[in-house]
Amino acid sequence: MLSGNFHIGMGDKLDEAKGVELTAGGFGVAPAAMNHFAWTTSDTIIQVHGEGPFKITYVNPADDPSKK
């Protein structure tokens, strides 16, 4: 986390009660193929790291912005 308020949780569906808030300097880790969700509560800048290949798979394909 570089700045802002970023919330992340694990699971197939957004559940704010199961999320944790990350602020500047914080980080989260998700294993490969782990379904997760995220949201922000302020202007937020994040930096994402990972080992390739990298792919985003939407649990609900209707949420994929590239399909709209």
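Scroll up a little and you will see the structure.
**Description of the overall build of the protein chain**
Here comes step 1: Summing up its helical and strand segments, the protein chain has zero helices and three strands in all.
Here comes step 2: Seen through its C-alpha atoms, the protein chain measures out along the principal axes to roughly 30 × 30 × 25 Å.
Here comes step 3: Here the protein chain holds 68 residues, and 13% of them are scored as buried.
Here comes step 4: Put simply, of all contacts in the protein chain between residues at least 6 apart along the chain, 54% involve residues at least 24 apart.
Here comes step 5: Accessible surface, the protein chain: about 5,600 Å² in total, of which carbon and sulfur atoms supply 55%.
Here comes step 6: Computing the positive centroid from 5 side-chain charges and the negative centroid from 8, the protein chain places the two 10 Å apart.

**Here we look at a nonpolar patch on the surface**
Here comes step 1: Taken together, the side chains of Ile46, Val48, Phe54, Ile56 and Tyr58 present a nonpolar region at the surface, about 530 Å² in accessible area.
Here comes step 2: With respect to the element layout, Phe54 can be found in the segment after strand E3 (36-40).

Rules and cut-offs
- Residues numbered from 1 in each chain as written.
- Predicted model: local features only at pLDDT ≥ 70, side-chain atom pairs only at ≥ 80, totals over all residues.
- Heavy atoms only, no water.
- Helix = DSSP H or I, 4+ residues; strand = E, 2+ residues; numbered from the N terminus.
- Buried < 20%, exposed > 50% of the residue type's maximum accessible area, 1.4 Å probe, protein only.
- Contact = heavy atoms within 4.5 Å.
- Areas by Shrake-Rupley, 256 points an atom, 1.4 Å probe, with all protein chains shown as cover.
- Lys, Arg positive; Asp, Glu negative; His and termini not counted.
- Charge placed at Lys NZ, Arg CZ, Asp CG, Glu CD.
- Patch = residues over 30% accessible without salt bridge, like charges linked within 9 Å, V, L, I, M, F, W, Y side chains within 5 Å.
- Salt bridge = Lys/Arg side-chain N within 4 Å of Asp/Glu carboxyl O.

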